[in-house]
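Fold and geometry: a report
Given next are the chains, with one letter for each unit.
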Amino acid sequence: MTERETSAGFHVGGETVQTYNDEHYKKLRERWGLGDDFLATFDFTKNMKGGGGKGGDLMGFTTDKLFIVKEVNPGDQKSLLKITEDYAQHLLDPHGSLLARFFLHFSRKGKDFLVMNNWMPPPRYDAVDSMEELGFDLKTNYNRFDLKGCADDKTLVALGEPVHAVHKRIFNVGMWCGDAL
């Protein structure tokens, strides 16, 4: 679908937002058992932070860490509006798919957002009172990745420190040839 089909009435964080192509995303929410209230308690002020991905757009996790809410840049917005119907059909195919599942595409206060599943939810350590009992401090001992399913996957944070972005492009000869040059 190349046109921007919008509808109002979906609630995210207590606010009514305008959705894009929701007749397709609704099918995906139904397929994976999500009600239209799955983001009712999302807190934009508390959860959204800049620099979540390489582009620096806002990104945040739901409290249960099962979903990611990501700001969509204008280029991605245009692409999403074009591919939504085909994307939804692909995910609903009985053979399945390993693509990330997008469940909602919406606009809030002049910005566009996408909600997707988090393929790598954090481990649950309910059996211990604190991370120190496990022998490490969670604030400094964790890694965060930006996984695209392509050669541009990268580590964003390692051991609590930001990692410099390396874009794996063919013209970055030194990266591919290493010390051979």
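Just above, that's the structure.
A brief look at the structure comes next. Predicted model only: the values in this text are computed from it and were never measured.

With that settled, consider the packing of helix H1 (residues 22-31) against helix H3 (residues 74-92). Contact pair H1 / H3: the axes reach a minimum separation of 9 Å and the direction vectors enclose 30 degrees. Considering the angle they form, H1 stands roughly parallel to H3. Handedness of the H1/H3 crossing: left-handed. Contact residues: H1 offers His-24, Tyr-25, Lys-27, Leu-28 and Arg-31, while H3 offers Leu-80, Thr-84, Glu-85, Tyr-87, Ala-88, Leu-91 and Leu-92.

What follows covers the pattern of salt bridges. Applying the stated rule across the entire model yields four salt bridges. Measuring nitrogen to oxygen at the nearest pair gives 2.9 Å for the salt bridge that ties Arg-29 to Asp-22. For Arg-29, a relative accessible area of 1% translates into the label buried. The partner of Arg-29 in a salt bridge is Asp-36, with the nearest N and O atoms 3.2 Å apart.

Turning next to the pairing of strand E4 (residues 67-72). E4 sits mainly inside the fold: five of its six residues count as buried. Here strand E3 (residues 59-61) runs beside E4; their pairing, made up of three bridges, is antiparallel. Residue pairing for E4: Gly-60 is matched across the bridge by Val-69. Counted between consecutive antiparallel strands, the loop separating E3 from E4 contains five residues, among which Lys-65 sits at a positive phi close to 65 degrees. Alignment of E4 against strand E6 (residues 111-117), held across six bridges, turns out to be antiparallel. Opposite Val-69, over in E6, you have Val-115 as the bridge partner.

Looking at the element boundaries, Leu-34 is found in the loop between H1 and helix H2 (44-47). For Leu-34, a relative accessible area of 18% corresponds to the buried category. Linking Leu-34 and Phe-103, residues 69 residues apart in sequence, is a C-alpha distance of 8.6 Å. If we skip the residues at most four places from it in the chain, Leu-34 touches Arg-29, Phe-67 and Phe-103.

This paragraph deals with H3. Over its 19 residues, H3 extends 26 Å from the first C-alpha to the last, a length consistent with the 27 Å expected when each residue adds 1.5 Å. Where H3 bends most, the angle comes to about 60 degrees, and this point is Ile-83. Those residues of H3 that fall on the buried side of the exposure criterion are Gln-77, Leu-80, Leu-81, Thr-84, Tyr-87, Ala-88 and Leu-91. On the buried face of H3, the contacting elements are strand E2 (15-20), H1, E4, strand E5 (102-108) and E6.

Parameters and conventions
Residue numbers run consecutively from 1 along every chain, following the written order of its sequence. Totals for whole chains, interfaces and linings use all residues, but because this is a predicted model, local features are given only for residues with pLDDT of at least 70 and pairs of side-chain atoms are given and counted only at 80 or more. Values shown for side chains rest on all heavy atoms present in the structure; no hydrogens or waters enter the calculation. Each axis is a line fitted through C-alpha atoms, and for a helix only the stretch in contact is used; angles between axes span 0 to 180 degrees, taken between their N-to-C directions. Think of it this way: any DSSP run of H or I at least four residues long counts as a helix, any run of E at least two long counts as a strand, and we number them from the N terminus. Roughly parallel refers to an angle under 35 degrees, roughly antiparallel to one over 145, roughly perpendicular to one between 65 and 115, and oblique to any angle outside these ranges. By definition, turning the near helix anticlockwise from the far helix through less than a right angle yields a left-handed crossing, and turning it clockwise yields a right-handed one. Contacts between residues were defined by any pair of non-hydrogen atoms, one from each residue, lying within 4.5 Å. When a carboxyl oxygen of Asp or Glu lies within 4 Å of a side-chain nitrogen of Lys or Arg, that pair is called a salt bridge. Buried means the residue's accessible area, taken with a 1.4 Å probe over protein chains only, is under 20% of the maximum for its type, while exposed means over 50%, and partly exposed covers the values in between. By this definition, two strands are paired if DSSP reports at least two bridges between them. Multiplying 1.5 Å by the helix residue count minus one yields the expected span of that helix. A residue's bend is the angle separating two fitted axes: one through the seven residues that end there, the other through the seven that start there.

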